[in-house]
Every structure is written in C-alpha cells, then in structure tokens.
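Working through the structure, step by step
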Amino acid sequence: MKGYKVAIVGATGMVGQEFIKVLEQRNFPIESIRLLASDRSAGKKLFFSHREIVVEETTPESFKNVDIALFSAGGDVSRYFSPIAAQSGAVVIDNSSAFRMDPKVPLVVPEINTEDIKKHNGIIANPNCSTIQMVVALYPLHKVNHIKRIVVTTFQSVSGTGKAAVDELTLQSKQILNGQAAVPHVYPHQIAFNVLPEIDVFMDNAYTKEEWKMVEETRKIMHSGNMAISATCVRVPVFIGHGESVNVEFSTAMSPDDARRILAQAPGVKLLDDPTISLYPQQWSAAGTDDVFVGRIRRDSSHDSGLVMWVVADNIRKGAALNAVQIAEVVINGGWLHTRGLK
Ligand SMILES: NC(=O)c1ccc[n+]([C@@H]2O[C@H](COP(=O)([O-])OP(=O)(O)OC[C@H]3O[C@@H](n4cnc5c(N)ncnc54)[C@H](OP(=O)(O)O)[C@@H]3O)[C@@H](O)[C@H]2O)c1
C-alpha cells in the first residue's frame with residue numbers, strides 16, 4: 001500500500017500525542033511523519049513507531065511535500081498555517097474551531113457525512129468533541145424518526161482544555177487533600193472537587209461559545225438547519241471522557257427498545273444499558289477507547305415523543321484525534337486527497 005507524508009501540528013499537546021497513538025494503532029499508511037509544535041518544543045524528541053523523531057517549529061516551509069496535515073494547536077495557529085499548508089498541496093484536517101462554520105469547509109463525522117468530504121478545498125474541519133459524541137449517538141435515530149429538538153447537558157473532562165488543565169486538576173486535588181488552598185490559573189475557579197458551568201467565553205445571548213458550537217455544528221453535520229437545540233456545557237473534575245445527558249424529541253414516539261435496537265447496529269456506537277446490574281457508560285472506563293457509549297435510555301416522562309439517554313466518549317480519541325484520522329482514511333480511500341492548492 002502507498003504511504004503518505006503526514007505532518008502533525010501541535011504534536012506535543014494532548015490531542016497531538018493521541019494523534020501519534022491513533023496513527024500507530026490503526027497502521028495508518030505513512031511514508032514519513034513530521035512532528036510540529038511551537039518554538040518552545042523545537043528539538044524535543046518524541047517517538048513514532050519506535051523511531052525517535054525531533055520536533056520542529058511550525059513554519060510556512062513545514063508543509064512542503066506533505067500530503068496530510070493534522071492540526072491541533074489552537075485556532076490562531078490553524079487560521080494562519082492551514083491555508084499555507086493547503087496551498088502547498090496538503091489536505092488539512094483541523095481540530096480547532098477556526099473553520100468549522102465556514103460554508104466552504106466540510107465539517108465531518110465519518111459515521112454521518114463522509115460525502116461532504118468530496119467538496120473539500122484543502123481544509124476539512126473536525127467538530128467539537130461534545131458535538132461529535134452526541135451526533136454519533138443521535139444520527140442513527142434521526143434517520144429513522146426525525147429529531148425536532150435536543151436539550152443536552154454536558155459533563156466535560158479537563159483534558160478537553162489541554163495539558164495545562166490536566167496539570168491543574170492534579171495539583172489542586174493534591175493541594176486540597178493536603179489542606180492547602182487551590183489557586184486557579186486555567187479556569188476562573190477551582191476545578192478540583194467542583195463543577196463549572198462555563199466552557200469557552202460567554203456570548204451576548206447568555207450561552208457560552210462551547211454551547212453554541214454544539215447547536216451550530218450539530219445542524220451543519222446533520223444537514224438539519226432547523227433543528228431546535230439547547231446546550232448547557234459543564235466542566236467536571238474528570239481527567240478524560242465527556243458525559244452528556246441528552247433529551248431528544250422525535251417527530252413521532254420512539255420506544256426505548258426501538259432506540260436500543262437501532263443503536264445496537266449503529267456504527268461507532270456501543271450500548272451499555274442494563275439498569276438491573278448498574279450497567280451504563282462511565283467516563284473512567286471510556287477513556288482510551290474508540291466507541292461512543294450510550295445507556296440509561298428511557299422515555300421522557302414530560303413528552304410523548306421524547307427519549308432521554310446518557311452518552312459518553314473519550315474526548316481526546318473520538319472527540320478529536322480518532323475522528324480526524326478516520327477523516328484522513330476516508331479521504332485516502334475515496335481518492336479525495338489531491339487539493340493542488342487552495343481553491
Ligand atoms: N483536548 C480535546 O479534547 C480537544 C478536542 C477537540 C479539539 N481540540 C482542539 O485541539 C487543539 C489542541 O488541543 P490540546 O488539548 O491538544 O491542547 P494542548 O495540550 O494545550 O496542546 C497545544 C499544542 O499546540 C502547540 N502550539 C501552541 N502554540 C503553537 C504555535 N504558535 N505554533 C505551533 N504549535 C503551537 C503546542 O506546542 P508546544 O508544546 O510547543 O507549546 C502543543 O503541541 C485546540 O484547538 C483544541 O480546541 C481539543
């Protein structure tokens with residue numbers, strides 16, 4: 001099989017490190033790999049498939065002869081370097097929110113809208129982690145019985161903020177258990193032994209940007225511009241894995257058993273739903289796995305056509321690195337690699 005020249009931008013970060021693991025685990029066809037980060041990490045050594053690779057500073061020249069550039073270094077880096085990479089002939093798969101709502105940029109979850117990739121102009125966006133796991137669970141149900149409204153509350157782990165937040169939860173937990181004060185740096189308040197109903201900045205409509213991403217991105221991925229969606233996004237003191245309480249109103253009634261039957265066959269979904277033995281998805285056991293786990297499926301006691309469920313996934317894998325690598329695989333298998341520069 002042909003190998004591809006791959007670059008990872010943000011290779012030293014939470015998502016970048018997972019990119020390395022996912023590419024190795026899936027035997028992604030690689031001819032060469034460049035590990036890119038900021039000037040702070042230039043010269044640092046990382047391993048890929050037991051080979052030592054020196055991290056390089058990201059510059060406009062970094063993308064010469066690169067086929068696929070996987071970006072996870074934040075919005076500013078993506079906004080600046082992604083067009084340069086695409087212009088150099090690489091297909092960019094971007095984990096930041098920089099291009100997600102750009103009408104010229106496909107926003108893709110491979111279980112749902114691979115066909116959208118065909119229209120790419122060199123940049124393909126990877127959705128927000130909370131959006132990905134929710135749509136993987138809901139789209140199979142939506143195909144059978146159109147969803148009219150979603151109300152979701154998320155319970156998001158600190159790894160979603162990056163390495164600095166993981167360190168902060170570790171340090172604060174130790175400080176508090178030792179009877180010391182925990183001083184917040186990454187979050188506006190203490191995160192250890194606490195939950196914060198604030199993810200990303202507040203907007204004029206009183207929602208946060210993270211909440212609004214779930215609204216807009218879900219509509220774009222599911223091609224459902226009119227779907228009514230309301231989200232409340234909450235940061236919880238968990239290292240890896242996001243949980244979501246999802247309340248769905250369908251066009252007509254759907255029984256929990258029908259939903260279970262559909263989800264048991266759905267790509268990327270694993271049902272864990274037996275309350276008699278306390279079987280339901282949990283964040284700690286989802287960490288390091290690839291599926292979107294669904295459980296606690298029950299009728300919404302407040303609405304005839306409603307269901308409620310609990311959805312969990314590893315935010316760094318399916319919520320970021322894995323989904324992006326799956327997009328890259330679809331690009332290769334579909335013969336959609338060639339950009340010949342940004343159009
Ligand atoms: N964590 C998640 O669950 C998740 C999910 C979906 C999407 N994302 C998105 O993925 C991106 C990275 O997230 P993360 O959690 O991996 O963050 P992180 O752990 O803080 O890592 C950030 C990475 O970006 C690099 N970087 C920073 N400034 C740079 C620059 N000027 N030029 C080149 N590289 C630079 C850092 O390199 P240095 O080590 O050299 O500083 C590091 O490799 C963000 O856009 C985030 O929104 C994250």
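Residues numbered from 1 in each chain as written. Predicted model: local features only at pLDDT ≥ 70, side-chain atom pairs only at ≥ 80, totals over all residues.

1. Digging into the pairing of strand E1 (residues 4-9)
Within a regular strand, side chains alternate between the sheet's two faces. Buried residues dominate E1, accounting for five of its six residues. Read as a crossover between parallel neighbours, the route from E1 over helix H1 (residues 14-25) to strand E2 (residues 30-37) is right-handed. (Buried ≥ 20, exposed ≤ 12 C-beta atoms within 10 Å, placed from the backbone. Helix = DSSP H or I, 4+ residues; strand = E, 2+ residues; numbered from the N terminus. Right-handed = clockwise from strand over helix to strand, strands pointing away.)

2. Re the sheet that holds strand E5 (residues 56-57)
Spatially, E5-E2-E1-E6-E7-E8 is the arrangement adopted by the six strands of the open sheet, whose pairing is parallel. In this open sheet, the two strands that pair with only one neighbour each are E5 and strand E8 (123-125). Here strand E6 (residues 68-71) runs beside strand E7 (residues 91-94); their pairing, made up of four bridges, is parallel. By the bridge assignment, Ile68 is partnered in E7 with Val91. Against the sheet, helix H2 (residues 75-87) contacts E1, E6, E7 and E8, and its axis sits at roughly 160° relative to E7. (Pairing = 2+ DSSP bridges. Contact = placed C-beta atoms within 7 Å. Axes fitted to C-alpha atoms, helices over the stretch in contact; angles between N-to-C directions.)

3. Things to note about the domain arrangement of the chain
Taken domain by domain, the chain holds domain 1 (4-127 + 320-333) and domain 2 (130-315). Using C-alpha coordinates to define each centre, domain 1 is positioned 25 Å away from domain 2. Going through the elements one at a time, helix H3 (110-113) and helix H9 (317-333) are the ones with two or more residues in the side of domain 1 that touches domain 2. Of the residues belonging to the side of domain 1 that touches domain 2, the class tally is eight nonpolar, four polar and two charged. (Domains from an automatic or database assignment. Nonpolar A, V, L, I, M, F, W, Y, C, P; charged D, E, K, R; others polar.)

4. Focus on the site of the ligand
In the vicinity of the ligand there are 30 residues, among which Gly13, Ser38, Ser41, Ala73 and Gly162 approach most closely. Elements represented by at least two residues in the shell around the ligand include exactly H1, H2, helix H5 (163-177) and H9. Tallying contributions element by element places H1 first for the shell around the ligand, with three residues. Among the residues forming the shell around the ligand, the class breakdown is eleven nonpolar, 17 polar and two charged. Formed jointly, the shell around the ligand draws a minimum of three residues from each of two domains, domain 1 (4-127 + 320-333) and domain 2 (130-315). (Near = placed C-beta within 6 Å.)

5. Details of the packing of H1 against H9
Taken N-terminus to C-terminus, the directions of H1 and H9 make an angle of 50°; their axes are 9 Å apart at the nearest point. As summarised for this structure, H1 and H9 are arranged oblique, according to the angle between their axes. Regarding H1 and H9, the two cross each other, and that crossing is right-handed. Between H1 and H9, the contacting residues are Val15, Glu18, Phe19, Val22 and Leu23 on the first element and Arg317, Ala320, Ala321, Leu322 and Val325 on the second. The class makeup of the residues in the contact of H1 with H9 is eight nonpolar, no polar and two charged. (Parallel < 35°, antiparallel > 145°, perpendicular 65-115°, else oblique. Left-handed = near helix turned anticlockwise from the far one by under 90°.)

6. Points about unusual backbone geometry
The general pattern is negative phi for most residues beyond glycine and trans for most peptide bonds. In this structure, Asn27 takes a positive phi of about 50° despite not being glycine. Assignment of secondary structure puts Asn27 in the loop between H1 and E2. The phi torsion at Asn65 lies on the positive side, around 65°, for a residue other than glycine. Structurally, the position occupied by Asn65 is in the loop between E5 and E6. The exposed category is assigned to Asn65, around which 12 C-beta atoms lie within 10 Å.

7. Considering the sheet that holds strand E12 (residues 269-271)
Pairing is mixed in the open sheet, where six strands are placed in the order E10-E9-E11-E14-E13-E12. At either end of the open sheet lies a strand with only one pairing partner, and these are strand E10 (228-235) and E12. Strand-to-strand, the axes of this sheet are offset by a mean angle of 25°, without reference to chain direction. In the sheet, strand E13 (residues 292-299) pairs with strand E14 (residues 306-313) via five bridges, with the strands oriented antiparallel. Its bridge partner being in E14, Phe293 is matched across the sheet by Val312. Where helix H4 (residues 129-144) meets the sheet, it contacts strand E9 (147-156), E10, strand E11 (242-250), E12, E13 and E14, and its direction lies at approximately 35° from that of E11.

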